[in-house]
Structures are given as C-alpha cells and as structure tokens.
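Here's the letter readout for the chains.
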Amino acid sequence: MTDSRRGHGTEREEFAASFLALGADAPTILPGWDASALLEHLHLRERAPHLMLASHLPGLLHRRAQAALARYRERSWTERVGLFRVPPGPLSPVGRLDALSGQAELLIHHEDLRRAQPSWEPRRLAAAVDRDAWRAVGLMAPLAMQVQADVTFVSPLGGRQVRTRRSVGSLRVHGDPLELLLWASGRDEVARVRVHGEPAALRALQDGRRGL
C-alpha cells in the first residue's frame with residue numbers, strides 16, 4: 001500500500017508524479033482515454049474551457065480552437081505535466097470549485113489513472129486529504145446518484161445520508177472516504193466498498209445511475 005501522507009495540498013503533485021512515472025500512453029479506466037487524453041481533459045477544464053466549446057462550433061472559432069489544441073499537443077509530455085502541476089489561480093472559477101468540493105475532480109481522475117495499472121493498491125491518504133474526500137462525498141453524492149433508495153455512506157469519519165423522494169428502501173455503503181467517492185461516481189469496478197440493503201433498494205441500485 002502506497003503511503004501518501006505527505007500533507008494537505010499534495011494531491012496535484014502526486015497526480016503529476018503519476019503522470020510522469022506512467023507516461024502518456026498509460027491506460028486509464030475511462031473507455032477510450034489514455035493518460036494523454038486524461039491530462040488534456042484536465043488542462044482544458046482548468047485553463048481553456050472555451051476551447052472545449054469552440055472546438056464543437058463551425059468556422060473560424062473551430063479552426064482557432066483546433067490550432068490551439070494542436071500547439072498544446074506538440075509540447076513534450078514533461079511540459080504538459082508541468083503545466084498541470086501549477087494549480088489554477090485564486091480567481092479561477094475552477095480553482096474555487098475544487099476547493100469547495102474537496103478536490104473531487106483530482107481525486108477521482110487520479111484513481112482513474114492509478115487503478116488501470118496491473119499492480120495498483122489503495123493509497124493511505126493524509127488525514128487532510130481523507131477529509132477532502134469525505135467532504136466531496138457529501139457534496140457530490142446527491143448530484144451524482146439517480147437511485148430510488150435512501151443511501152447512507154459509512155466511513156471512519158462518520159456517516160452521511162442521501163435521501164430520495166421516491167425511495168423504495170434503504171442501503172448502507174461502507175468504505176474509506178475515497179472509495180465511497182469513487183463508488184458514488186459510478187466506478188464500481190475499482191471502488192472497494194461493501195453494500196448492504198433491503199432487496200428492493202438493491203434492485204433500485206441496479207436500475208439506477210451514478211456519475212455526472
């Protein structure tokens with residue numbers, strides 16, 4: 001188990017280190033995305049969201065967006081990771097959102113990369129990062145889960161309940177905060193959790209949807 005307890009605020013640095021260690025062609029658990037595609041997604045989200053929109057528009061805006069993406073892709077892998085290593089500025093809406101959400105985007109996508117590797121093991125997170133992940137569960141789960149059941153998340157840091165208006169029963173999901181965050185985002189194949197519940201609620205879980 002990798003020890004990742006170097007302190008609060010290092011998730012981006014550790015993610016960058018994973019990118020460098022694994023390389024641009026490393027797989028992720030996201031269908032059709034390798035490490036390069038994942039890093040490009042993060043870059044556009046944080047620094048150039050306008051390019052994501054413009055690339056789908058016709059004419060001059062589309063051509064300019066494609067040219068900007070081509071220039072980004074021409075950079076070396078080390079340069080692209082270096083850009084990512086610098087967090088968004090204090091006035092960035094994305095930076096403020098990530099601070100509010102407990103770094104949910106970084107935590108989830110880092111595991112998308114790590115857990116696609118054959119020898120991955122869960123990380124031991126710093127206490128502050130554990131708290132970030134737990135806060136992210138509370139903020140993200142009500143938005144990410146479309147399940148007709150009342151769900152209680154149980155972690156070493158406590159419990160959180162997500163209620164639905166058309167509940168057919170209740171579920172309890174046990175795990176560490178990061179595992180619960182991955183489960184709430186729909187990453188069943190890698191999230192290490194234990195799910196217990198009433199039969200109707202378990203059926204509702206199968207029929208429902210998780211993820212944004």
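Heads up: the structure comes first, above all this text.
The sections below set out a description of the structure shown in this document. These numbers come from a predicted model, not from an experiment.

**A look at the overall build of the chain**
For the chain, the helix and strand inventory stands at ten helices and eight strands. Its C-alpha atoms give the chain principal-axis dimensions of roughly 55 × 40 × 35 Å. Put simply, 63% of the contacts in the chain that link residues at least 6 apart link residues at least 24 apart. Accessible surface for the chain amounts to roughly 11,200 Å². Of this, 54% is attributable to carbon and sulfur atoms. Looking at charge distribution, the chain has the averaged site of its 30 positive side-chain charges lying 5 Å from that of its 24 negative ones.

**With respect to the sheet that holds strand β5 (residues 158-162)**
The pairing of strands in a sheet happens through backbone hydrogen bonds and is either parallel or antiparallel. Taking strand neighbours across the sheet as the criterion, the four strands line up as β5-β4-β6-β7 in an open arrangement whose pairing is mixed. Every interior strand has two partners, whereas the edge strands, β5 and β7 (194-197), have only one. When the angles between neighbouring strand axes are averaged without regard to direction, this sheet yields 20°. By the bridge criterion, five bridges tie strand β4 (residues 150-155) to strand β6 (residues 170-174) in an arrangement that is parallel. Pairing of Val-154 across the sheet is with His-174, part of β6. Across the sheet, helix α9 (residues 177-184) touches β4, β6 and β7, and the angle it forms with β4 is around 155°.

**Observations regarding helix α10 (residues 199-207)**
Here α10 has its buried residues at Ala-201, Ala-204 and Leu-205. Each buried residue of α10 sits inside an arc of 105° when the element is viewed along its axis, so together they form one side. Exposed residues on α10 whose side chains face more than 90 degrees from its buried face are Pro-199, Arg-203, Gln-206 and Asp-207. The elements touched by buried residues of α10 are β6, α9, β7 and β8 (209-210).

**Concerning the side chain of His-43**
Its place among the elements puts His-43 in helix α2 (residues 35-47). Excluding residues within four positions of it along the chain, His-43 makes contact with Ala-48, Tyr-72 and Leu-83.

**Some thoughts on the layout of surface pockets**
Of the volumes computed, that of the largest pocket is approximately 470 Å³. Lining the largest pocket are 22 residues, and of these Ala-104, Glu-105, Ile-108, Met-140 and Leu-212 sit closest to its centre. Listed by contribution, the elements that provide at least two residues to the lining of the largest pocket are α6 (93-101), α7 (104-114) and α8 (127-144). Grouping the amino acids of the lining of the largest pocket by side-chain chemistry returns twelve nonpolar, five polar and five charged.

**Considerations on the side chain of Arg-115**
Note on placement: Arg-115 falls in the loop between α7 and β2 (123-125). At 2.9 Å, the side chain of Arg-115 forms a polar contact with the backbone oxygen of Val-190. Not counting residues up to four positions away in its chain, the partners in contact with Arg-115 are Ile-29, Trp-120, Pro-122, Leu-178, Glu-179, Leu-182, Val-190 and Ala-191.

**Here we look at the environment of Ala-128**
The topology assignment puts Ala-128 in helix α8. Taking the C-alpha atoms as reference points, Ala-128 and Pro-87, separated by 41 residues in sequence, lie 18 Å from one another.

**Considering the packing of helix α1 (residues 11-22) against α7**
Look at α1 against α7: their axes get within 10 Å of each other, and the N-to-C directions meet at 20°. Between α1 and α7, the angle falls in the class roughly parallel. In this structure, the crossing between α1 and α7 has a hand that is left-handed. Of the residues in α7, those touching α1 at Glu-11, Arg-12, Glu-14, Phe-15, Ser-18, Phe-19 and Leu-22 are Leu-106, Leu-107, His-109, His-110, Leu-113 and Arg-114. Grouping the amino acids of the contact of α1 with α7 by side-chain chemistry returns six nonpolar, three polar and four charged.

Rules used throughout
Positions within a chain are numbered from 1, following the residues in the order the chain's sequence is written. Per-residue local features of the predicted model are confined to residues with pLDDT of at least 70, and side-chain atom pairs are confined, for both listing and counting, to 80 or more; whole-chain, interface and lining totals are unaffected and use all residues. As a convention, hydrogens and water are excluded, and side-chain values are obtained from all of the structure's heavy atoms. Strands here mean DSSP runs of E at least two residues long; helices mean DSSP runs of H or I at least four residues long; both are numbered from the N terminus. Contacts were defined at the residue level, with two residues in contact if any of their heavy atoms lie within 4.5 Å. For accessible areas, the Shrake-Rupley method is used with a probe of radius 1.4 Å. Any residue's cover is judged against the shown protein chains and nothing else. Neither His nor the chain ends contribute to the count of charged residues, in which Lys and Arg are positive and Asp and Glu negative. Working definition for charges: the position is that of NZ of Lys, CZ of Arg, CG of Asp or CD of Glu. Being paired, for any two strands, means DSSP has found at least two bridges between them. Note on definitions: angles span 0 to 180 degrees between N-to-C directions of axes, and those axes are lines fitted to C-alpha atoms, for helices only across the stretch in contact. Relative accessibility thresholds used throughout: buried, under 20% of the residue-type maximum; exposed, over 50%; partly exposed, between the two (1.4 Å probe, protein chains only). What the arc measures is the spread of directions leading from the helix axis to the C-beta atoms. Throughout, the protein atoms alone are placed on a 1 Å grid, and a set of points is a cavity if a 1.4 Å probe fits but cannot get out or a pocket if it is open with protein on both sides within 12 Å along at least five of seven lines; lining residues have an atom within 4 Å of a point. Grid points are joined across faces, edges and corners, and a volume is the space filled by probe spheres set on the points. Each residue is assigned to one class: nonpolar for Ala, Val, Leu, Ile, Met, Phe, Trp, Tyr, Cys and Pro, charged for Asp, Glu, Lys and Arg, and polar for all the others, Gly among them. Side-chain atoms alone can form a polar contact between residues adjacent in sequence; in general such a contact is a pair of N or O atoms within 3.5 Å, and within protein one must be able to donate a hydrogen while the other accepts it. If an angle is under 35 degrees, it is roughly parallel; if it is over 145, roughly antiparallel; if it lies from 65 to 115, roughly perpendicular; otherwise it is oblique. Throughout, a crossing is termed right-handed when the near helix is turned clockwise from the far one, and left-handed when it is turned anticlockwise from it by less than a right angle.

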